[in-house]
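What the coordinates show
Here is what each chain is made of, one letter per residue.
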Amino acid sequence: MNVRANRPLLIEGGRVIDPSQGMDRITNLLVEDGRIVAYDAISTGDQEVLDASDKIVAPGLIDMHVHLREPGREEDETIRTGTAAAVAGGFTSIACIPNTEPPIDTQATVEFIRHQAVLADQCNVFVVACVSKNREGKELAELGQLVQAGAVAFSDDGAPVYDAELMRRALEYCRMFDKPILNHAEVRELTQGGVMHEGLVSLVLGLPGMPSVAEDVMASRDIALADATGGRIHMMHVSSVGSVDLIRRAKGRGVRVTTEVCPHHFTLTDDSLRSFDSNFKMSPPLRSQKHVNACIAGLADGTIDVICTDHAPHALEKKMRELDQAPFGIVGLETALGLVVTRLIEPGHLDWPAALAKMTINPARILGINKGTLAIGADADITVIDPTVRWTVDPTKFRSKSRNTPFAGWKLQGRADSVIVGGRIKYQAPAEAAEQGRRPARAR
Ligand code: DOR
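The notes below deal with the structure included here. (Residues numbered from 1 in each chain as written. Predicted model: local features only at pLDDT ≥ 70, side-chain atom pairs only at ≥ 80, totals over all residues. Heavy atoms only, no water.)

**Considerations on the site of the ligand**
The ligand sits among 14 residues. The nearest are R69, N99, H184, S283 and H314. Here H67 contributes a side-chain N or O atom positioned 3.4 Å from an oxygen atom of the ligand. The separation between a nitrogen atom of the ligand and a polar main-chain atom of F328 is 3.1 Å. In the complex, the protein chains occlude 94% of the 290 Å² of accessible area that the ligand would expose alone. Classifying every residue of the shell around the ligand by side-chain character gives 3 nonpolar, 8 polar and 3 charged. (Near = heavy atom within 4 Å. Polar contact = N/O pair within 3.5 Å; in protein donor to acceptor, adjacent residues only side chain to side chain. Areas by Shrake-Rupley, 256 points an atom, 1.4 Å probe, with all protein chains shown as cover. Nonpolar A, V, L, I, M, F, W, Y, C, P; charged D, E, K, R; others polar.)

Okay, structure coming up:
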């Protein structure tokens with residue numbers, strides 16, 4: 001359903017949770033001309049009405065770590081399929097990572113992505129551009145030009161920014177634009193040839209391991225460089241006790257470091273690799289329970305600012321290869337919200353406002369984008385969430401072009417019910433989403 005642009009939209013009776021305003025109350029929200037215009041609005045009869053009773057009305061979710069694969073790897077995902085998957089997962093804004101072919105290291109490529117995203121007309125796409133030319137880690141990309149073209153951050157993800165001097169200069173340079181560097185923390189000498197976390201399970205299975213210290217050493221270097229330069233470092237997909245602890249301590253002394261965690265790193269352990277299923281292979285790898293616990297503790301105490309997916313689509317034929325040949329990564333856009341509700345909110349690790357902050361205003365602030373809020377006058381990007389619906393992950397129903405998920409068949413609670421981007425309804429959950437009864441949402 002597309003709401004006609006000239007007709008106001010009244011979102012009625014929902015529990016509005018907006019961490020950017022410290023708001024958590026049941027109210028009616030009025031949207032007009034693509035913006036939030038009023039709270040406590042009353043139906044006048046000439047509005048489109050969306051019944052949000054028993055639902056949570058949140059700022060549109062933001063995923064700051066998405067691999068859209070276009071240009072170059074359209075067999076895995078395209079901007080059209082990736083953004084369709086995003087809205088189905090409840091995301092109204094995503095940031096795409098530049099390890100495409102060619103990588104996003106020129107103004108023309110940034111403009112291409114932005115243009116394709118407008119044509120796809122699903123959600124907002126913000127572009128993360130390369131730190132180094134061609135992602136080779138040798139020479140800085142034209143960061144100033146990339147900012148002019150609309151890049152919101154820089155990353156060579158898939159790979160770390162390996163050269164410490166290059167990282168130092170990138171951090172210094174980016175201070176001028178107040179843009180963060182998003183780094184994939186991995187010391188490759190320590191992980192070479194590895195397919196899974198190095199530990200008891202890799203020993204038992206006889207598979208080459210990737211030790212957690214590989215992440216910790218790079219995290220430590222990046223923190224030192226951010227401290228020395230005053231630049232902003234954002235540690236991508238943290239997964240280890242050591243890196244969470246380093247970031248916690250660095251934040252404590254005022255270093256400009258932020259971080260994120262992906263649902264697979266707070267839900268799964270390396271034990272899953274006993275299946276030899278490549279849908280459990282990603283980088284950084286699934287680690288042991290103590291690392292999972294550290295991620296959850298980091299989320300709970302605020303060390304970890306953001307929950308993102310690292311949505312990494314790979315076509316079936318690639319993931320079907322032997323474990324050592326299969327690529328790293330899993331899709332995540334269409335399962336993230338359910339995993340957050342089921343594994344973080346329901347067990348009481350995070351309450352709704354804390355979880356939503358990590359999926360709305362926190363990533364918006366890190367990327368410096370004008371999103372993640374339902375303040376009056378803000379863009380009407382809104383995710384209406386059914387917090388109690390129970391559903392089963394069925395990859396054949398994914399909108400993503402790829403199906404490489406470790407969560408097939410999982411029973412989850414909570415999912416996006418309606419997703420509004422710029423005042424227009426872009427997604428509504430199919431009625432069959434509800435498998436079991438619903439319990440009413442209650443204000444806390
Ligand atoms: O598992 C991963 N997949 N980790 C990364 O850092 C890159 C990503 C990809 O591009 O497939």
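There is more to say, and it comes next.
**Regarding the nonpolar core**
In terms of nonpolar packing, the biggest core is built from 78 residues, with I94, F154 and I181 touching the most fellow members. Examining the composition of this core, we find that 6 residues originate from one element, helix α12 (residues 336-345), more than from any other. Residues within four places of I181 in sequence aside, it is in contact with V131, F154, M167, A170, L171, C174, R232, I233 and H234. (Core = buried A, V, L, I, M, F, W, Y, C linked by side-chain atoms within 4.5 Å. Buried < 20%, exposed > 50% of the residue type's maximum accessible area, 1.4 Å probe, protein only. Helix = DSSP H or I, 4+ residues; strand = E, 2+ residues; numbered from the N terminus. Contact = heavy atoms within 4.5 Å.)

**What about the sheet that holds strand β13 (residues 233-235)?**
Taken in spatial order, the 8 strands line up as β6-β7-β8-β9-β10-β13-β14-β15 in an open sheet, and their pairing is parallel. At either margin of the open sheet sits one strand with a lone partner, and together these are β6 (61-66) and β15 (306-307). Strands β9 (151-155), β10 (181-183) and β13 of the sheet are contacted by helix α4 (residues 164-177), whose axis makes an angle of about 150° with β10. (Pairing = 2+ DSSP bridges. Axes fitted to C-alpha atoms, helices over the stretch in contact; angles between N-to-C directions.)

**Looking at a nonpolar patch on the surface**
There is a patch of nonpolar side chains on the surface, built from L190, V213 and V217 and spanning about 210 Å² of accessible area. Structurally, the position occupied by V213 is in helix α7 (residues 213-229). Exposure remark for V213: the relative accessible area of 39% places this residue in the partly exposed category. (Patch = residues over 30% accessible without salt bridge, like charges linked within 9 Å, V, L, I, M, F, W, Y side chains within 5 Å. Salt bridge = Lys/Arg side-chain N within 4 Å of Asp/Glu carboxyl O.)

**Details of unusual backbone geometry**
Trans peptide bonds make up most of the peptide bonds, and negative phi angles are found at most residues other than glycine. Omega for the peptide link from E70 to P71 comes to 10°, which places this bond in the cis form. Along the chain, P71 turns up in the loop between β6 and α1 (79-88). Following S283, the chain continues to P284 via a peptide bond in cis, the omega torsion being 0°. Relative to the helices and strands, P284 is located in the loop between α9 (263-267) and α10 (289-300). Of note in this structure, D33 is not a glycine but carries a positive phi near 50°. The residue R135 is not glycine, and still its phi comes out positive at about 55°. Relative to the elements of secondary structure, R135 occurs in the loop between β8 (124-129) and α3 (143-149). You can call R135 partly exposed: its relative accessible area is 25%.

**Some points on the packing of aromatic side chains**
Following the criterion strictly, the structure yields 2 aromatic pairs and no others. Between Y173 and F177, the aromatic rings sit 5.4 Å apart at their centres with planes inclined by 65°, giving edge-to-face as the arrangement. Placement of the pair is Y173 and F177 together in helix α4, with a separation of 4 residues, close to one helical turn. With a relative accessible area of 24%, F177 lands in the partly exposed category. A ring pair is formed by F407 and W410, whose centres lie 4.8 Å apart and whose planes are at 80°; its orientation type is edge-to-face. Looking at W410, the relative accessible area reads 24%, which means it is partly exposed. Residue placement shows K281 over the ring face of F328; its charged tip is 4.5 Å from the ring centre. The ring of W391 has R415 sitting right over it, with the charged end atom 4.7 Å from the ring centre. (Phe/Tyr/Trp six-rings, centres within 6.5 Å; stacked < 30°, edge-to-face > 60°. Lys NZ or Arg CZ within 6 Å of the ring centre and 35° of its normal.)

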